[in-house]
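Topology and contacts: notes
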Amino acid sequence: MKFRVNDGCIGCGLCEGTCPEVFAVKDSGKAEAIDSDVPAEAEASAQEAMDGCPVGAIEQID
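Residues numbered from 1 in each chain as written. Predicted model: local features only at pLDDT ≥ 70, side-chain atom pairs only at ≥ 80, totals over all residues. Heavy atoms only, no water.

A word on the overall build of the protein
So the rule is basically this: Numbered from the N terminus, helices here are DSSP runs of H or I no shorter than four residues, and strands are runs of E no shorter than two. The atom set for the radius of gyration is the C-alpha atoms, and the globule formula is 2.2 Å times the number of residues raised to the power 0.38. Buried, partly exposed and exposed residues are distinguished by accessible area as a fraction of the type maximum, computed with a 1.4 Å probe on protein chains only: under 20%, between the cut-offs, and over 50%, respectively. It only takes one pair of heavy atoms within 4.5 Å for two residues to be counted as in contact.
Looking only at helices and strands, the protein features two helices and four strands. From first element to last, N terminus to C terminus, the protein shows the α and β order β-α-β-β-α-β. Its C-alpha atoms give the protein a radius of gyration of 10 Å, near enough to 11 Å, the size a compact globule of 62 residues would have. In the protein, buried positions account for 29% of the 62 residues. Long-range contacts, defined here as pairs at least 24 residues apart, represent 62% of the contacts in the protein between residues at least 6 apart.

Regarding a negative patch on the surface
In plain terms, the rule: Nonpolar side chains (Val, Leu, Ile, Met, Phe, Trp, Tyr) are joined into patches within 5 Å and like charges within 9 Å, using only residues with over 30% relative accessible area and no salt bridge. To measure how exposed things are, a 1.4 Å probe is used in the Shrake-Rupley method; for residues, cover is taken only from the protein chains shown. Any carboxyl oxygen of Asp or Glu within 4 Å of a side-chain nitrogen of Lys or Arg constitutes a salt bridge here. By the counting rule applied here, Lys and Arg register as positive and Asp and Glu as negative, while His and the ends of each chain are not counted. A charged residue contributes its charge at one atom only: NZ of Lys, CZ of Arg, CG of Asp or CD of Glu.
Residues Glu-21, Asp-37, Glu-41 and Glu-43 make up a contiguous surface patch of negative charge. With respect to the element layout, Glu-21 can be found in the loop between helix 1 (14-18) and strand 2 (23-25). Glu-21 gets classed as partly exposed once you look at its relative accessible area, which sits at 46%.

Let's talk about the packing of aromatic side chains
Here is the rule: Whether two aromatic rings pair depends on their centres lying within 6.5 Å, for rings of Phe, Tyr and Trp, where Trp uses its six-membered ring; planes under 30 degrees apart make the pair stacked, over 60 edge-to-face, and the rest tilted.
Summed over the entire model, instances satisfying the criterion amount to one aromatic pair. Seen in terms of ring centroids, Phe-3 and Phe-23 are 6.0 Å apart; in terms of plane orientation they differ by 65 degrees. Their pairing is edge-to-face. One end of the pair, Phe-3, is in strand 1 (residues 2-5); the other, Phe-23, is in strand 2, with 20 residues separating them in the sequence. Classification of Phe-3 by relative accessible area gives buried; the value is 4%. According to the relative accessible area criterion, Phe-23 is buried, its value standing at 1%.

Side note on the environment of Gln-60
Note that Gln-60 resides in strand 4 (residues 58-61). C-alpha separation for the pair Gln-60 and Ala-46, spaced 14 residues apart in sequence, amounts to 9.4 Å. Discounting chain neighbours no more than four positions away, the residues touching Gln-60 are Met-1, Lys-2, Phe-3, Gln-47 and Met-50.

A closer look at empty space enclosed by the protein
Which entries qualify depends on this criterion: The pocket and cavity definitions rest on a 1 Å grid over protein atoms only: a 1.4 Å probe that fits but cannot leave marks a cavity, an open set with protein on both sides within 12 Å along at least five of seven lines marks a pocket, and residues lining either have an atom within 4 Å of a point. Grid points are joined across faces, edges and corners, and a volume is the space filled by probe spheres set on the points. In this classification, the charged set is Asp, Glu, Lys and Arg, the nonpolar set is Ala, Val, Leu, Ile, Met, Phe, Trp, Tyr, Cys and Pro, and all remaining amino acids, among them Gly, are polar.
Summed over the entire model, instances satisfying the criterion amount to one cavity of 30 Å³ or more. Counted as a void, the largest cavity has a volume near 90 Å³. If you trace the largest cavity, you find 14 residues lining it, with Cys-9, Cys-12, Cys-15, Cys-53 and Ile-58 closest to the centre. Classifying every residue of the lining of the largest cavity by side-chain character gives 12 nonpolar, two polar and no charged.

Have a look at this one:
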């Protein structure tokens, strides 16, 4: 399971606060997801971050 943050990101930091193992707000002010597969123990919180994104900027990719 992998995630991607699209251009709609507003940099609110909710994803990073929910799942810092996968998401981080970069110097650009936008969030990014890790390039590797999500660790099994972080899958639920990564899904929660995607579901909670206020602008729907997080996408799950396979």
